[in-house]
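Letter by letter, the chains look like this.
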Amino acid sequence: MDHQDGQRSEPADGGQDEDRLFSEANAWHFRLQSDDVRPAERAAFADWLARSPAHARAWTALQSLLHDLKEPARAAYAMSRSAPRRHPAAAGVRRLAAAMTILLVVGGLAAWHGPTLYQNAVADQVTATGQRRSLTLPDGSTVDMNGDTALALDYRDGERRVRLLRGEAWFSVTRDPDHPFVVDGGAGAARVLGTQFSVRRESERTTVTVGEGLVEVVAHRNADGNAPWPDSVRLRPGETAEADANGLTGPRAVDPAVAFAWRQGQIVFRQQPLASVIAVLNRQWPGRVVLLNDEAAERVVSGVFALDRPDAVIDALERGLGVRATRITPYLTLLR
């Protein structure tokens, strides 16, 4: 409610309002750094800044915090000479975490893309995040590449071999009993004669899922030549197995409609924790979705969503889980 002198009163719930205004200040800061910012947006920011003293304080607090974070040496020196400080208030800690997350995500993209740049350089086929592609291999086999995927082909001396450097791909293999088809996914490899299956590589984990036929999953041995787990496992349609540094697990049953939904432009979640849902979304869309609230990480998500409608997915998470989204740019969304 406005006072008679025209000044707006401060809300009773100061803590939540401060957090909200700090998030809005974050969004304005990074929007104003963009090359395509419009005069109308600058005018809207000026209106936002003048709306109340609390808006001005939020903007000042953000600029002060960002300034300190950009000069860590000076900040560390000042802290070393100061007396013991009180622990910051909970709201201050949350705002510090939000600002540092933004700096790490927006300012650290070069480091984050380092392995990706190398993989792209040695790959024969690459898809960007959010892009899907189908292609035919030299032997007539076909492959559907999910977003953010890199493949290196090795068709020499009659051998049919594909290295999955990152991402996920579906293979429909032309049958050739004399020349096994091998997909090397890092921690493990899939070996087939002719069938349909997918391989996903996440860091040091390889997941193989079968749609048709029979697939042998072979675990790579340790550097000392020993394998502390079974060397291989055979998968039938509707089964999956994983290989990582801790061993080879599987087979276990999987729903093909869920595992292969991305080939139809969809993404399906069935009783999955929010943290794993966000990990999947970040593989499918350009930019990043960052969860700031650890307590929400285990909230369960179920639903079928279109891959080309990221805003609809975020809106559904807000309505269904009670999380709140702050869209900093089209390429960075914070959830808390």
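Residues numbered from 1 in each chain as written. Predicted model: local features only at pLDDT ≥ 70, side-chain atom pairs only at ≥ 80, totals over all residues. Heavy atoms only, no water.

1. Some points on the overall build of the protein chain
Part 1 of the reasoning: Each helix and strand in the protein chain was counted, giving 10 helices and 18 strands.
Part 2 of the reasoning: A total of 336 residues make up the protein chain; the buried ones form 38% of that total.
Part 3 of the reasoning: The contacts in the protein chain between residues at least 6 apart in sequence include a share of 48% that link residues at least 24 apart.
Part 4 of the reasoning: Accessible surface computed for the protein chain: about 18700 Å², of which carbon and sulfur atoms make up 51%. (Helix = DSSP H or I, 4+ residues; strand = E, 2+ residues; numbered from the N terminus. Buried < 20%, exposed > 50% of the residue type's maximum accessible area, 1.4 Å probe, protein only. Contact = heavy atoms within 4.5 Å. Areas by Shrake-Rupley, 256 points an atom, 1.4 Å probe, with all protein chains shown as cover.)

2. A word on the pairing of strand β10 (residues 215-219)
Part 1 of the reasoning: Alternating positions in β10 separate cleanly, Val215, Val217 and Ala219 being buried on one face and Glu216 and Val218 remaining unburied on the opposite face.
Part 2 of the reasoning: Pairing of strand β7 (residues 188-192) with β10 involves four bridges; the strand directions are antiparallel. The residue of β10 that forms the bridge with alanine 190 is valine 217. (Pairing = 2+ DSSP bridges.)

3. As for the sheet that holds strand β17 (residues 325-329)
Part 1 of the reasoning: Read across the open sheet, the three strands follow the order β15-β18-β17; overall the sheet is mixed. Each edge of the sheet is formed by a strand with only one pairing partner; in this case those strands are β15 (288-291) and β17. Across the sheet, the mean angle separating the axes of adjacent strands is 20° when strand polarity is ignored.
Part 2 of the reasoning: Examined bridge by bridge, β15 and strand β18 (residues 332-335) share four bridges and lie parallel to one another. Across the sheet, residue valine 290 finds its bridge partner in β18, namely leucine 334. (Axes fitted to C-alpha atoms, helices over the stretch in contact; angles between N-to-C directions.)

4. A short note on helix α10 (residues 310-321)
In an α-helix, one turn spans 3.6 residues, which is why side chains three or four residues apart end up on the same side.
Part 1 of the reasoning: The terminal C-alpha atoms of α10 lie 16 Å apart, and with 12 residues this matches the ideal 16 Å at 1.5 Å per residue to within 8%.
Part 2 of the reasoning: Within α10, the full set of buried residues consists of Val313, Ile314, Leu317 and Leu321. Burial along α10 is one-sided: seen end-on, the buried residues are contained in an arc of 95°.
Part 3 of the reasoning: Structurally, α10 contributes buried residues whose contacts are with α9 (274-284), β15, β16 (300-306), β17 and β18.
Part 4 of the reasoning: Where α10 ends, the next residue or the one after it, glycine 322, has phi of about 75°, a positive value. (Expected span 1.5 Å × (residues − 1). Arc of directions from axis to C-beta.)

5. What to know about the environment of leucine 62
Part 1 of the reasoning: Within the secondary structure, leucine 62 is located in helix α3 (residues 53-70).
Part 2 of the reasoning: Judged by its relative accessible area of 0%, leucine 62 is buried.
Part 3 of the reasoning: Here the alpha-carbon distance between leucine 62 and alanine 25, two residues 37 residues apart in the chain, equals 6.9 Å.

6. Describing unusual backbone geometry
Part 1 of the reasoning: Cis rather than trans, the peptide bond between glycine 250 and proline 251 has omega equal to 5°.
Part 2 of the reasoning: You can see proline 251 is positioned in strand β13 (residues 247-253).
Part 3 of the reasoning: Here glutamine 271, not a glycine, exhibits a phi torsion of approximately 55°, which is positive.
Part 4 of the reasoning: Summarising the element assignment, glutamine 271 is placed in strand β14 (residues 266-273).

7. Details of the pattern of salt bridges
Part 1 of the reasoning: With the rule as written, the count across this model stands at 14 salt bridges.
Part 2 of the reasoning: Arginine 51 serves as the salt-bridge partner of aspartate 47, at 3.3 Å between the closest nitrogen and oxygen.
Part 3 of the reasoning: Classification of aspartate 47 by relative accessible area gives partly exposed; the value is 48%.
Part 4 of the reasoning: Its salt-bridge partner being aspartate 315, residue arginine 327 comes within 3.2 Å of it at the nearest N-O pair. With arginine 327 in strand β17 and aspartate 315 in helix α10, this pair connects stretches of sequence that are 12 residues apart.
Part 5 of the reasoning: The class for aspartate 315 is partly exposed, based on a relative accessible area of 32%.
Part 6 of the reasoning: Put simply, Arg205, Glu242, Asp244 and Arg252 are held in one network by salt bridges that share partners. (Salt bridge = Lys/Arg side-chain N within 4 Å of Asp/Glu carboxyl O.)

8. So, the pairing of strand β9 (residues 205-212)
Note on strand geometry: in a regular strand, side chains alternate between the two faces of the sheet.
Part 1 of the reasoning: In the sheet, strand β8 (residues 196-202) pairs with β9 via seven bridges, with the strands oriented antiparallel. Paired with arginine 200 across the strands is threonine 207, a residue of β9.
Part 2 of the reasoning: Where β8 folds back onto β9 in an antiparallel hairpin, the turn is made up of two residues, including serine 203, whose phi is positive at roughly 55°.
Part 3 of the reasoning: In this sheet, strand β12 (residues 239-244) lies alongside β9 in antiparallel orientation, the contact comprising four bridges. When the bridges of β12 are listed, threonine 206 appears paired with alanine 243.

9. A few points about the confidence of the model for the protein chain
Part 1 of the reasoning: In the predicted model, the protein chain carries a mean pLDDT of 76, and the fraction of residues at 70 or more is 73%.
Part 2 of the reasoning: For the protein chain, helix α4 (residues 72-81) is the element with the lowest average pLDDT, namely 39, and strand β3 (residues 142-145) is the one with the highest, namely 96.
Part 3 of the reasoning: Segment residues 1-14 is flagged for pLDDT under 50; beyond a separation of four residues in sequence, or across chains, it makes 12 contacts in the model.
Part 4 of the reasoning: Confidence drops under pLDDT 50 across residues 103-112; counting only partners more than four residues distant or on other chains, this segment forms 11 contacts. (pLDDT = per-residue confidence, 0-100.)

10. Let's talk about the packing of aromatic side chains
Part 1 of the reasoning: Scanning the model with the defined rule gives six aromatic pairs in all.
Part 2 of the reasoning: Here phenylalanine 45 and tryptophan 48 contribute two aromatic rings whose centre-to-centre distance is 6.1 Å and whose plane-to-plane angle is 20°, an arrangement assigned as stacked. With phenylalanine 45 and tryptophan 48 both in helix α2 (residues 39-49) and three residues apart, this pair spans about one turn of that helix.
Part 3 of the reasoning: On the accessibility criterion, tryptophan 48 (3% relative accessible area) is buried.
Part 4 of the reasoning: Arranged with centres 6.1 Å apart and planes meeting at 50°, the rings of phenylalanine 269 and phenylalanine 305 form a pair that is tilted. Here phenylalanine 269, found in strand β14, pairs with phenylalanine 305, found in strand β16; they are 36 residues apart in sequence, far enough to count as distant. For the pair shown, phenylalanine 269 and phenylalanine 305 are each scored as buried.
Part 5 of the reasoning: Members of the aromatic cluster, connected to one another through ring pairs, are Phe45, Trp48 and Trp59. (Phe/Tyr/Trp six-rings, centres within 6.5 Å; stacked < 30°, edge-to-face > 60°.)

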